[in-house]
Amino acid sequence: MPEDYLWVALFLGVGVVFVAGGFIANWVARPSHPSDRKSSTYECGELPIGTSWIQFNVRYYLFALIFVIFDVEVVFLFPWAVVFNQLGLFAFVEMVIFIAILAIGLIYAWRKGILKWV
Amino acid sequence: MEGIGQIITFYILAGIAVISAILVISLRNLVHCVISLALMMLAIAGLYITLFAEFIAMVQILIYIGAVVVLFLFLIMLTLRLTDKDIKQTNEQKGISFILAGLLLFLLVTVLNRTSWNISPEAVVENTTSKIGNLLLTTYVFPFELISVVLLACLIGAIVIARKDKD
């Protein structure tokens, strides 16, 4: 079982070496003559205003909160999906009830106008 | 995975976890701290896998990295203009904190030494996800459905607290 994850580890290692190797080879091979013009962000010739790290709209916060709740729901969908074949209709009905109860929350958010971008 | 392989894996993952945890409390850019926190969580998920706890590892990635760390990132990017600032993570209370941390270390080492580490005679459970699924949908149906009610309460509570008061 955990042995299977050696492939995941291998994949991870190759991925890291692939990216790091690209950067290092680039860094070794390229000439370096930085100037203000060259190091500024290029966006189709437009001059950038400020940094790219801006403050995002606070509205996203509620979407993040709702996302967290449904993320937890997905955790329970996983074991259900694994045994769904063995348990059949009973398990299906249970999961429908589970999701229906959570859907009430989504309907509440909808009715309260949370999902609308004002 | 037994013997030397497991030990090597443990030390690699534990090393990544400890180094990234130190980065979390020492880096000066909050966004970098949060990304180090995600790396630490990932290393701990790897530790769970070496302990045959696939489901817990999946939950660790999904909840801690997918939800908690993302929520932290959201909070940092939404609330304060901290993203491109250097912030010193230490203050003037170094002496006191060293003493407290030392006491905590002493306590933990004492507990570790005094605990008798029994090895369970039970065989390691394979395929934890399907076992959990089976139990959740048969023996523990009622708690399972109750979870959705708890989540519903969380969702509505979060909406009530977080939305702007219009009425």
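Note that this is a predicted model, so its numbers are computed, not measured. (Residues numbered from 1 in each chain as written. Chains lettered and ligands numbered in written order. Predicted model: local features only at pLDDT ≥ 70, side-chain atom pairs only at ≥ 80, totals over all residues. Heavy atoms only, no water.)

1. Points about the overall build of chain B
Along chain B, the regular secondary structure elements total 6 helices and 0 strands. When the elements of chain B are put in sequence order from the N terminus, they spell out α-α-α-α-α-α. Oriented by its inertia axes, the alpha-carbon framework of chain B measures out at about 55 × 50 × 30 Å. The burial tally for chain B puts 31% of its 167 residues in the buried class. Taking the intrachain contacts of chain B between residues at least 6 apart in sequence as the baseline, contacts between residues at least 24 apart amount to 62%. Carbon and sulfur atoms provide 73% of the accessible area of chain B, an area that totals close to 11,100 Å². (Helix = DSSP H or I, 4+ residues; strand = E, 2+ residues; numbered from the N terminus. Buried < 20%, exposed > 50% of the residue type's maximum accessible area, 1.4 Å probe, protein only. Contact = heavy atoms within 4.5 Å. Areas by Shrake-Rupley, 256 points an atom, 1.4 Å probe, with all protein chains shown as cover.)

2. Overview of helix 6 (residues 141-162) of chain B
An ideal rise of 1.5 Å per residue puts 32 Å on 22 residues; helix 6 of chain B measures up with 32 Å between its terminal C-alpha atoms. Elements that come into contact with the buried residues of helix 6 of chain B comprise helix 3 (60-87) and helix 4 (89-111) of chain A together with helix 5 (128-137) of chain B. (Expected span 1.5 Å × (residues − 1).)

3. Comments concerning unusual backbone geometry
Residues and elements named next belong to chain B. For Phe52, which is not a glycine, the phi torsion comes out positive at approximately 65°. Summarising the element assignment, Phe52 is placed in the loop between helix 2 (30-50) and helix 3 (54-78). The class of Phe52 is buried, set by a relative accessible area of 18%.

4. Notes on the packing of helix 3 of chain A against helix 6 of chain B
The geometry of a pair of packed helices is captured by two quantities: the angle between their axes and the separation between those axes. Where helix 3 of chain A contacts helix 6 of chain B, the axes come no closer than 10 Å and their chain directions differ by 175°. If you check the angle between helix 3 of chain A and helix 6 of chain B, you find them roughly antiparallel. When helix 3 of chain A is examined against helix 6 of chain B, the residues Tyr61, Leu62, Leu65, Ile66, Ile69, Phe70, Val72, Glu73 and Phe76 of chain A are found in contact with a partner set consisting of Phe144, Ile147, Leu151, Cys154, Leu155, Ala158, Ile159 and Ala162 of chain B. (Axes fitted to C-alpha atoms, helices over the stretch in contact; angles between N-to-C directions. Parallel < 35°, antiparallel > 145°, perpendicular 65-115°, else oblique.)

5. Looking at the interface of chain A and chain B
Contacts between the two partners involve 50 residues from chain A, matched on the other side by 51 residues from chain B. Summed over both sides, the interface between chain A and chain B buries roughly 4,600 Å², with carbon and sulfur atoms accounting for 77% of that surface. In this structure, the connection of chain A to chain B is made through 0 salt bridges. Seen at the junction of chain A and chain B, the total is 3 residue pairs in polar contact (both at pLDDT 80 or more). Considering only residue class, the side of chain A that touches chain B consists of 40 nonpolar, 5 polar and 5 charged. (Buried area = accessible area lost by both parts, 1.4 Å probe. Salt bridge = Lys/Arg side-chain N within 4 Å of Asp/Glu carboxyl O. Polar contact = N/O pair within 3.5 Å; in protein donor to acceptor, adjacent residues only side chain to side chain. Nonpolar A, V, L, I, M, F, W, Y, C, P; charged D, E, K, R; others polar.)

6. Structural notes on the domain arrangement of chain B
Residues and elements named next belong to chain B. Domain annotation for chain B reports domain 1 (1-83) and domain 2 (125-167). A C-alpha centroid distance of 24 Å is found between domain 1 and domain 2. Contacts between domain 1 and domain 2 engage 4 residues on the former and 5 residues on the latter. Taking both sides of the interface into account, the surface hidden between domain 1 and domain 2 amounts to around 380 Å²; carbon and sulfur atoms contribute 57%. A per-residue breakdown of the area domain 1 buries against domain 2 is headed by Phe52, Glu54 and Phe55, which together make up 96% of the total. Summed over the shared surface of domain 1 and domain 2, the result is 0 salt bridges. Here domain 1 and domain 2 share 0 residue pairs in polar contact (both at pLDDT 80 or more) between them. (Domains from an automatic or database assignment.)

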